[in-house]
Amino acid sequence: MQDYLSNVKQQLQDVLFQRVSQPGRYLKSFPNDIPLDYLGRIKKGHNLNRKSLFVEAVFEGEAKKLWVPVELLPFLIKGRAYGKVDKQKTTVSKQFKGRQLKQLETFYIRNVQQIKGVKVKSNNSFYFKLFTANGDYLISAFELARALYFRDKHLVDAAFRPNGLFELASYNIGDKEVEIRFPETTEYPASNLNCLQTKQHLINLFLNEDYRKSFGSIFAKRFKAENSNNFHFNFVPPNLDGLHFEVLCKKLKNVGYLVYEVRGIQNRSFFYDGIVRFIHPRKKDVVKTGSSGESGTGDRVINRPNQSDEIDLDKSPGLGKKKKKIEEKDTYYQVLNSVRTIVNSHQVEKETGKNSSGMPQEGSRINSGVISAGKKLAEGSANFVEPHLSGGSSISAVNEGGNTVDRFRLFIETIDSVVDALKCKEYKIFHLLLPKPEAGFENDKWKNLITAKPRLVCVAQFHFKNVVFVALDVDIADLSKSHTISSRLVVFKNDDKNTEKDKLKIILQALSNSKTISWPSAEVFDKICDLDVRMIHPAKKLYEHIEKPQDRKKFYISYWAEKWQEKIKGVFK
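Note that this is a predicted model, so its numbers are computed, not measured.

Quick word on the sheet that holds strand S27 (residues 467–474)
Alright, step 1. Across the sheet, five strands lie side by side as S25-S26-S27-S28-S29; this open sheet has antiparallel pairing. The open sheet is flanked by strand S25 (425–433) and strand S29 (529–535), the only strands paired with a single partner. In this sheet, adjacent strand axes meet at a mean angle of 20° when their direction is disregarded.
Alright, step 2. For strand S28 (residues 487–492) and S29, the ladder comprises six bridges, and the chain directions are antiparallel. Bridged to Val 491 within S29 is Leu 531.
Alright, step 3. In the packing of helix H11 (residues 500–513) onto the sheet, contacts are made with S25, strand S26 (456–464), S27 and S28, and the angle to S27 comes to roughly 25°.

What about unusual backbone geometry?
Alright, step 1. Backbone geometry places Asn 124, a non-glycine residue, at a positive phi of 65°.
Alright, step 2. Looking at where Asn 124 falls in the secondary structure, it is placed in the loop between strand S8 (112–119) and strand S9 (126–132).

A look at the nonpolar core
Alright, step 1. Ranked by internal contacts, the top residues of the largest apolar core, which has 76 residues, are Leu 73, Leu 76, Phe 150, Phe 160, Phe 233 and Phe 235.
Alright, step 2. Tallying contributions element by element places helix H3 (residues 141–148) first for this core, with six residues.
Alright, step 3. When sequence neighbours within four positions are dropped, the list of residues in contact with Phe 160 reads Ile 42, Leu 53, Leu 73, Phe 150, Ile 218, Phe 219, Arg 222 and Phe 233.
Alright, step 4. Ile 415, Val 418, Val 533 and Ala 561 belong to the second-largest nonpolar core, a separate cluster that totals 29 residues.

A closer look at the packing of aromatic side chains
Alright, step 1. Inspection of every chain in the model, using the stated rule, returns 29 aromatic pairs.
Alright, step 2. Residues Tyr 149 and Phe 215 carry aromatic rings whose centres are separated by 5.4 Å and whose planes lie at 85° to one another, so their mutual orientation is edge-to-face. With Tyr 149 in the loop between H3 and helix H4 (153–159) and Phe 215 in helix H7 (residues 209–224), this pair connects stretches of sequence that are 66 residues apart. You'll find Tyr 149 and Phe 215 in the same group, each marked buried.
Alright, step 3. Grouped by ring-pair contacts, the aromatic residues Phe 128, Phe 142, Tyr 149, Phe 150, Phe 160, Tyr 211, Phe 215, Phe 231, Phe 233 and Phe 235 constitute a single cluster.
Alright, step 4. Between the NZ or CZ atom of Lys 43 and the centre of the ring of Trp 67, over which it lies, the distance is 4.3 Å.
Alright, step 5. In this arrangement the basic side chain of Lys 251 is found over the ring face of Tyr 257, its NZ or CZ atom lying 4.8 Å from the centre.

Focus: the packing of helix H6 (residues 196–207) against H7
Alright, step 1. Between H6 and H7, the least distance of the axes is 5 Å, while the angle of their chain directions is 90°. In terms of orientation, H6 and H7 fall into the roughly perpendicular class. Counted together, Asn 204, Leu 205, Phe 206 and Leu 207 of H6 and Glu 209, Tyr 211, Arg 212 and Phe 215 of H7 form the full contact between these two elements.
Alright, step 2. Counted by class, the contact of H6 with H7 contains five nonpolar, one polar and two charged residues.

What about the sheet that holds strand S11 (residues 170–173)?
As a general point, the strands of a sheet are linked pairwise by backbone hydrogen bonds and lie either parallel or antiparallel.
Alright, step 1. Here four strands make up an open sheet; going across it, the order is S11-S12-S16-S22 and the pairing mixed. At either margin of the open sheet sits one strand with a lone partner, and together these are S11 and strand S22 (340–344). Along the sheet, successive strands turn relative to each other by an average axial angle of 20°, direction set aside.
Alright, step 2. Against the sheet, H6 makes contact with S11, strand S12 (177–181), strand S16 (275–279) and S22, and its axis sits at roughly 100° relative to S22, the strand it touches most.

Observations concerning the pattern of salt bridges
Alright, step 1. Summed over all chains, the structure comprises 15 salt bridges.
Alright, step 2. As a salt-bridge pair, Asp 532 and Arg 488 come within 2.7 Å of each other at their nearest N and O atoms. Of this pair, Asp 532 sits in strand S29 while Arg 488 sits in strand S28; the two residues are 44 residues apart in sequence, bridging distant segments of the chain.
Alright, step 3. Overall, the relative accessible area of 7% leaves Arg 488 in the buried class.
Alright, step 4. Note that Lys 493 is salt-bridged to Asp 530, the shortest N-O span being 3.5 Å. Of this pair, Lys 493 sits in the loop between S28 and H11 while Asp 530 sits in strand S29, and the two are 37 residues apart along the sequence.
Alright, step 5. Through salt bridges that share partners, Arg 41, Glu 56 and Lys 65 make up one connected network.

Criteria and cut-off values
Residues numbered from 1 in each chain as written. Predicted model: local features only at pLDDT ≥ 70, side-chain atom pairs only at ≥ 80, totals over all residues. Heavy atoms only, no water. Pairing = 2+ DSSP bridges. Helix = DSSP H or I, 4+ residues; strand = E, 2+ residues; numbered from the N terminus. Axes fitted to C-alpha atoms, helices over the stretch in contact; angles between N-to-C directions. Contact = heavy atoms within 4.5 Å. Core = buried A, V, L, I, M, F, W, Y, C linked by side-chain atoms within 4.5 Å. Buried < 20%, exposed > 50% of the residue type's maximum accessible area, 1.4 Å probe, protein only. Phe/Tyr/Trp six-rings, centres within 6.5 Å; stacked < 30°, edge-to-face > 60°. Lys NZ or Arg CZ within 6 Å of the ring centre and 35° of its normal. Parallel < 35°, antiparallel > 145°, perpendicular 65-115°, else oblique. Nonpolar A, V, L, I, M, F, W, Y, C, P; charged D, E, K, R; others polar. Salt bridge = Lys/Arg side-chain N within 4 Å of Asp/Glu carboxyl O.

Rendered as structure tokens:
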């Protein structure tokens, strides 16, 4: 009888654990087409012997407050609506990512000069006021932490655990190499390390002491709270110097801008001159195409069957089942000084060729069928979903290991200085890849010789006195020191023949067709531009006598920025 009762109790625990462990189930209670207003308290949920953390979600105009697992924090964003589940099934994208219903403006937060904590009396939630060179911005503690740290559910879990970062992975710093090692029992997916932006984010988190302390303050703040089961989320942000944010926000009366969502971060301050080696027990094998036995001559191929886009939140994911990643490709994390990385399996696995952890290899036992969410269980029958903020391509993601960032960094910091001095608006920076040369223009210079990937063009766009200026700079860091090319300042014609994107494509195609990587002829620019100016980099003789590198850089940017300002102001004379 005792054994029977024990078995019944265990089965009941397993059922309850299975039902409450799936964070996706809670999305079914979200109101339809109503935006999230704010995130409130964090509390423990008691389910027999299991304690999970839940966050209070408050939707606009809704009196009822919902409690959802903290694992969903990467996707809980002010102003987004998530929709109801139709017959317990809906698309993965709509259910998790939601959609931003508010009409918001895109702004770029640069040069944060001061951070001040602000507590909202109406709901006791915490915000930070960022004082910057281009205005003041109010952002919730949740959204700033999401942008800086909560890039996937594994980092969320680590943030709310004592010493959680080093339970996630350990690191060891050598002379010219850093090793970041995931334990044998890790649940962190090895496939996340296929994304360079994810790796660069982890590198900055582990190697930057200020970020480690800030990350650790999340648990410390909750631990020190008088009532940890009624904790209003707060943390100590790191020094934001060198971080530039792309945000969705709206103008507030007399207090600047209210940030709803951080779409991307460009980290311009982090630098490590070495290799970072990630060691993971379940690293996927990579198959090289092309001639056998030759390394680096082909593309990476990982065979993944097509996956259904339907999700059943009532089922539990099983160990070894197929994974469906929900990726926020519009959300990015760029490191301007990209760090070279290598991903290896554990040494034991390299020697034996087996998975020594006793856990199933990712991608093994792949089956078709429905998708669910949450913690994988041995008895689970569904494939599983992995919320993951991967970001799209970036300067660093495309050109890992190259020296492009040295030239681009000077270009970007110069344009930053110009935009701030002239108080320009709608400033954004992005990169474009050179297309393949057209027939009859075959050459190999359109690819970077270091990375063997398409050459990059850095594009800066900004508005000054209602005129849209576009600044262009070309990646030539892999070419000989004698090769040079100026930057370019253009104003495109305001006509209906071609869009701005089409006009940029014309310039890029001409660059790609050039065997020497040089700007197209004046005739090409005359057809699509009202203004076309060559912006020659400062001559070496002007700054080579300056001994300190930092002083040399300061002079370079100051001298060049003055030339840019002269040309821009000259348009209106």
